[in-house]
Amino acid sequence: MNINMNDIIVKKRDGGKLTEREIREFVKEYTLGNIPDYQASALLMAIFFRHMDDEETFTLTDAMRASGDNVDLSAIKGIKVDKHSTGGVGDKVTLVAAPIASACGVPVAKMSGRGLGFTGGTIDKLESIPGFRTTLEPAEFFTQVNEAGIALIGQSGHIAPADKKLYALRDVTGTVENLSLIASSIMSKKLAAGSDAILLDVKCGSGAFMKDQKAAEELGEIMCRIGTAAGKKTAACITDMNQPLGRAVGNSLEVIEAIDTLKGEGPADITELSLHLAGIMIYLGGRAKTASAGRSLAEHAVASGAALARLRTLIERQGGDPDVIDDYSLFPQAKFEEKVLAESAGFVAAIDTQLIGAASQHTGAGRATKEDTIDHAAGVTVEKKIGERVTRGQTLAVFRSNDKKKAKAAADMARAAFSITLEKQTAPVLIKSTIGL
Ligand code: URA
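Below or above, wherever it landed, is the structure these notes cover. (Residues numbered from 1 in each chain as written. Predicted model: local features only at pLDDT ≥ 70, side-chain atom pairs only at ≥ 80, totals over all residues. Heavy atoms only, no water.)

1. Digging into the overall build of the protein
Alright, step 1. Regarding its fold elements, the protein presents 16 helices and 13 strands.
Alright, step 2. In terms of overall size, the protein behaves like a compact globule, its C-alpha atoms giving a radius of gyration of 22 Å where 437 residues would be expected to give roughly 22 Å.
Alright, step 3. For the protein, the spread of C-alpha atoms along the principal axes amounts to about 65 × 50 × 40 Å.
Alright, step 4. Counting all 437 residues of the protein, 54% fall into the buried class.
Alright, step 5. Considering only intrachain contacts with a sequence separation of at least 6, the fraction spanning at least 24 residues in the protein is 78%. (Helix = DSSP H or I, 4+ residues; strand = E, 2+ residues; numbered from the N terminus. Rg over C-alpha atoms; globule rule 2.2 N^0.38 Å. Buried < 20%, exposed > 50% of the residue type's maximum accessible area, 1.4 Å probe, protein only. Contact = heavy atoms within 4.5 Å.)

Here you go:
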């Protein structure tokens, strides 16, 4: 090993700047298993308190990107735009924005992860469509995008293994919430995924990692700087996560809501955010001169039915039953439901989104460990959102599961999530700012 870990830890502990060689060697040797967790943890904690500057952060990102496979999407024609959300409750926007962008001429070659946490990831959601295959051979994947304009598959191979190892260590050493560490973790994976442009949806609020807007903006800014330095057009939107997005949380429930949105019948927030992000994807993909021109194209793709038709094509090409689009009873159905009722009348003032997410996981909609299986029918329908009026005894949320005990436990857990006041309340602003356009 060409570095002395103790020297590097001391240097960062005292506020020094790590050299490119030190960072690259650290990442390489830690991934190989040559640096013990106690020294890596000490370095992460020193970085947590002393921070990294842009140069160090760019190097860390690139070293983690280079630690595994780099996907080559050059066999796909056109400008490939990746979209990434930092994670929210009820976030099914990819299922809406991707077919819209594709219908507007942006090739969508998306590899998504499975979720650990509140609900599944995009791939788990798609697997609630009977027959849908989320694994395609690379040649089939490229051909499908070139012919049909869209493919959505599970991440295969070995993307940024250094990040996987470091993220797992950060998770148990109190070193997750540092801007350079989060930004390099996310961007190392995005850069390895091979797209030409990247759109980041950075969530902020009670259900997000970043609780306040300023921190979310700083994260968006540094990720845009990393993307730009790596030669990718990168933009970030800071968007609200103080309440679940839309009304559905859970895999098949979210796919149904996404289909509703593509039919022009979705909840206002999902509709707005999907059109906004699709508009930026269309702009980044070179199909519109500005993001607002992209937005107009996105609106037209929904109104004309072209975006819904693109989802139908995606489902057909990947072996799913396209009839689900017209008949939601073909989705897995939950046997049990349990309601949370309002204990007083008034207006919904706040929703503890983290708690709703955790309760949704409890229904069986999400995994606590990698080995858990998902109940695709399970989840929550949030019937009342911030600013809405409620009467005593009215339903605030319905928890669904194929396990009666889980539905009840989840509902019990979520009872404290809703705050109701007598004063009128306004809904939080959905799209707070956009960076990098
Ligand atoms: N998501 C990631 O992939 N990495 C982080 O550090 C935080 C969120």
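2. Details of the side chain of Arg170
Alright, step 1. In this structure, Arg170 sits in helix 8 (residues 161-171).
Alright, step 2. No salt bridge is formed by the buried Arg170, whose closest oppositely charged neighbour, Asp163, lies at an N-O distance of 4.6 Å.
Alright, step 3. Other than its neighbours up to four places away in sequence, Arg170 contacts Leu44, Thr175, Val176, Leu181, Ile182 and Ser185. (Lys, Arg positive; Asp, Glu negative; His and termini not counted. Salt bridge = Lys/Arg side-chain N within 4 Å of Asp/Glu carboxyl O.)

3. Observations regarding unusual backbone geometry
Alright, step 1. At His51, a position not held by glycine, the phi torsion is positive, near 70°.
Alright, step 2. The residue His51 is located in the loop between helix 3 (37-50) and helix 4 (54-65) in this model.
Alright, step 3. With a phi angle near 40°, Ala160 is a residue other than glycine that sits in the positive phi range.
Alright, step 4. Secondary-structure assignment places Ala160 in the loop between strand 3 (150-154) and helix 8.

4. Quick word on the packing of helix 4 against helix 10 (residues 213-229)
Alright, step 1. For the pair helix 4 and helix 10, the least separation of the axes is 10 Å and the interaxial angle reads 65°. The way helix 4 lies across helix 10 gives a crossing that is right-handed. Two secondary-structure elements touch here, helix 4 through Asp54, Thr57, Phe58 and Thr61 and helix 10 through Ile222, Arg225, Ile226 and Ala229.
Alright, step 2. Tallied by class, the residues present in the contact of helix 4 with helix 10 amount to 4 nonpolar, 2 polar and 2 charged. (Axes fitted to C-alpha atoms, helices over the stretch in contact; angles between N-to-C directions. Left-handed = near helix turned anticlockwise from the far one by under 90°. Nonpolar A, V, L, I, M, F, W, Y, C, P; charged D, E, K, R; others polar.)

5. Points about the site of the ligand
Alright, step 1. Taken together, the residues surrounding the ligand are Tyr167, Arg170, Ile182, Ser185, Ile186, Lys189 and Phe209.
Alright, step 2. At 2.6 Å, a side-chain N or O of Ser185 approaches a nitrogen atom of the ligand.
Alright, step 3. Lys189 is positioned with one of its side-chain polar atoms (N or O) 2.5 Å from an oxygen atom of the ligand.
Alright, step 4. Considered on its own, the ligand offers 230 Å² of accessible surface; in the complex 88% of this is hidden by protein. (Near = heavy atom within 4 Å. Polar contact = N/O pair within 3.5 Å; in protein donor to acceptor, adjacent residues only side chain to side chain. Areas by Shrake-Rupley, 256 points an atom, 1.4 Å probe, with all protein chains shown as cover.)

6. Quick word on the environment of Arg13
Alright, step 1. Within the fold, Arg13 resides in helix 1 (residues 5-13).
Alright, step 2. Under the relative-accessibility criterion, Arg13 is labelled partly exposed at 49%.
Alright, step 3. The contacts of Arg13, once residues within four sequence positions are left out, are Ala46 and Arg50.

7. Details of the pairing of strand 9 (residues 379-382)
Two faces make up the sheet, and in a regular strand the side chains alternate between them.
Alright, step 1. Residues Gly379 and Thr381 point to one face of strand 9 and Val380 and Val382 to the other, with burial holding for every one of them.
Alright, step 2. Across 2 bridges, strand 6 (residues 248-249) lies against strand 9 in antiparallel orientation. Counted as the bridge partner of Val249 is Val380 from strand 9.
Alright, step 3. Of the pairings in the sheet, the one linking strand 9 to strand 11 (residues 395-401) comprises 4 bridges and is antiparallel in character. Within the sheet, the bridge partner assigned to Val380 lies in strand 11 and is Phe399. (Pairing = 2+ DSSP bridges.)

8. Some points on the nonpolar core
Alright, step 1. By size, the foremost hydrophobic cluster in this structure holds 72 residues, and its most contacted members are Ile100, Ile129, Leu199, Phe399 and Phe418.
Alright, step 2. Here this core takes 9 residues from helix 12 (residues 268-284), the largest share from any one element.
Alright, step 3. Ignoring anything within four residues of it in the chain, the contact list for Ile129 reads Val255, Ile315, Gly320, Asp321, Val324 and Phe331.
Alright, step 4. Ranked by size, the runner-up nonpolar core spans 22 residues in total, among them Ile3, Ile23, Leu44 and Ile47. (Core = buried A, V, L, I, M, F, W, Y, C linked by side-chain atoms within 4.5 Å.)

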